[in-house]
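# Remarks on the overall topology
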Amino acid sequence: MKTMFSRQFALTACLILLSVAALGLAFRVFIGNYAAEQAEKTLRHNADVVTGLAAAYDSAETLGASWDVRINLSFASEVADTDAVICDPQGRVMLCSCNTLYCQHLGMQLTPDFVQRVLEDGPVSFLGRITGLYADRRYMIAEPIVSRTSGQSIGFVMVSATVAQTQQVISETTDFFLMMGLAVLMVAMLAVSLLVRSQNQPLRDMAAAARRFGHGELDVRVATGGSNTIEIDELAVAFNNMAASLEKSELQRREFVANISHELKTPMTTIAGFMDGMLDGAIPPERHREYMQTVATEVRRLSRLVRSMLEVSRLQSQGIPDAKKRVFDICEQAGQALLSFEQKITQRRLSVDVEMPDEPVEVFAEADSITQVIYNLLDNAVKFCDEGGTLGLRIARGEQNVLVSVSNTGPTIPESELSLIFDRFHKTDKSRSIDRDGVGLGLYIVRTIILSHGEDITVTSRDGVTTFTFTLRLPK
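Let me begin by describing the structure that accompanies this report. Just so it is clear, the model here is predicted, and its values are computed rather than measured. (Residues numbered from 1 in each chain as written. Predicted model: local features only at pLDDT ≥ 70, side-chain atom pairs only at ≥ 80, totals over all residues. Heavy atoms only, no water.)

## Let's talk about unusual backbone geometry
Backbone geometry places Arg 349, a non-glycine residue, at a positive phi of 50°. Its location among the elements puts Arg 349 in the loop between helix 9 (342–347) and strand 7 (351–355). Its identity as a non-glycine residue notwithstanding, Asp 463 has a phi of 55°, on the positive side. Here Asp 463 lies in the loop between strand 11 (457–462) and strand 12 (465–473). (Helix = DSSP H or I, 4+ residues; strand = E, 2+ residues; numbered from the N terminus.)

## Observations concerning the nonpolar core
Counting residues in each nonpolar core, the largest one holds 46 residues, and the members touching the most others are Ile 330 and Phe 470. When contributions to this core are tallied by element, the ones reaching two or more residues are helix 8 (330–339), strand 8 (362–365), helix 10 (367–384), strand 9 (390–397), strand 10 (401–409), helix 12 (442–452), strand 11 and strand 12. Element by element, the count of residues in this core is highest for helix 10, at eight residues. With 22 residues, the next largest nonpolar core counts Ala 39, Val 50, Ala 54 and Ile 154 among its residues. (Core = buried A, V, L, I, M, F, W, Y, C linked by side-chain atoms within 4.5 Å. Buried < 20%, exposed > 50% of the residue type's maximum accessible area, 1.4 Å probe, protein only.)

## Some details on the pattern of salt bridges
Taken as a whole, this structure holds eleven salt bridges when the rule is applied. We note a salt bridge from Glu 247 to Arg 221, for which the minimum N-O separation is 2.6 Å. Residue Glu 247 is found in helix 6 (residues 230–279), and its partner Arg 221 is found in the loop between helix 5 (163–214) and helix 6; the two are separated by 26 residues along the sequence. (Salt bridge = Lys/Arg side-chain N within 4 Å of Asp/Glu carboxyl O.)

Functional significance is not addressed by these values, which are geometric in nature.
Below you can see the structure in the form of structure tokens.
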């Protein structure tokens with residue numbers, strides 16, 4: 001299996017190699033064209049110089065016998081590293097730039113077509129071979145000689161340079177380019193290697209952190225910022241958020257197990273103790289009924305706990321589908337729930353402040369679940385409302401939803417407790433002096449039901465008034 005480093009390195013290396021190869025090819029073509037142009041310019045300049053020198057003669061015979069022209073022709077050829085010949089009007093070579101006194105080119109006859117083309121069309125440039133004169137490929141410039149005194153054509157000059165000379169320049173330039181390209185490639189590969197390794201290091205750190213996290217180190221986190229790229233930093237932040245969420249979930253799970261164990265242990269211990277006392281005779285028979293009532297109370301408490309846990313599990317796994325929802329009057333349901341607390345309200349001498357619209361307020365929800373929400377909130381409000389205090393129930397219709405609020409006067413809940421109030425088994429009454437029968441799941445079930453409807457619930461507590469407010473959807 002390939003590593004990310006090897007893949008990135010191989011891909012980058014291939015791209016650099018292709019780029020260098022393409023650049024080298026383009027450079028070679030450019031140098032070739034440039035060398036050909038420079039060779040043509042040099043040949044044309046030399047041809048103009050020789051033609052101007054030869055134009056001072058009256059005829060081909062005097063031109064062919066001139067030692068001055070021959071010496072100047074050889075000198076110009078040596079300086080420019082070119083070959084030059086002067087031909088008569090019939091195409092025979094009269095003078096040559098070779099250093100030898102009588103070179104092999106003298107007297108050679110060029111083809112009539114070529115001679116006619118030069119004399120009639122003027123200067124001719126081409127790349128090729130001259131049959132009977134040069135066997136190798138050459139860049140050539142042929143230019144007619146017109147006498148300044150007679151005005152007649154007394155022959156023509158042909159200046160040439162071998163293609164091999166130009167190719168040598170191209171080859172040397174290409175070799176230099178290849179050496180520089182190889183050096184640049186090595187430096188680029190080293191830089192890419194360091195860059196890819198530096199980019200992959202944060203990923204390796206995340207993998208190591210994930211392994212540590214999987215072995216139970218829930219507090220492990222990945223460093224952010226520094227030399228990380230934006231994408232790597234976003235990944236690191238996402239990893240840390242996920243780790244924090246999983247750590248919180250694990251702590252909640254442990255707390256849940258501890259809480260459920262405590263909630264089960266207390267009544268089970270009470271039941272077992274009283275039953276053992278009655279069986280071994282420690283509790284006299286005349287008091288069996290009294291203690292059996294206590295056992296029955298604890299059994300009912302266990303039953304409520306089990307039912308609540310099953311209800312929470314059902315809501316979390318199944319939710320509340322739209323098929324179970326219907327349109328109903330929330331004011332009617334809230335009123336019926338409030339009437340069920342009439343006796344408790346009277347016993348605690350509570351004042352009831354109800355604000356509802358006169359007309360029905362219809363909502364789209366699962367009626368039984370919403371009734372349970374209102375019942376749990378009213379039950380919580382009655383328990384923690386101070387003696388002779390005020391219990392509030394308000395329903396208001398908004399533009400997009402309905403707001404339902406249940407409030408009570410009493411001790412203000414600290415800000416640190418408000419964020420935990422909907423957690424499982426959380427109780428603000430730690431001493432259980434007020435809520436002796438609750439199991440700490442009422443508000444958790446309330447929030448689970450509301451969230452299952454896709455709505456929201458909030459709680460505020462200030463100046464001795466605690467208020468729970470949730471929303472419900474209006475019918476379409």
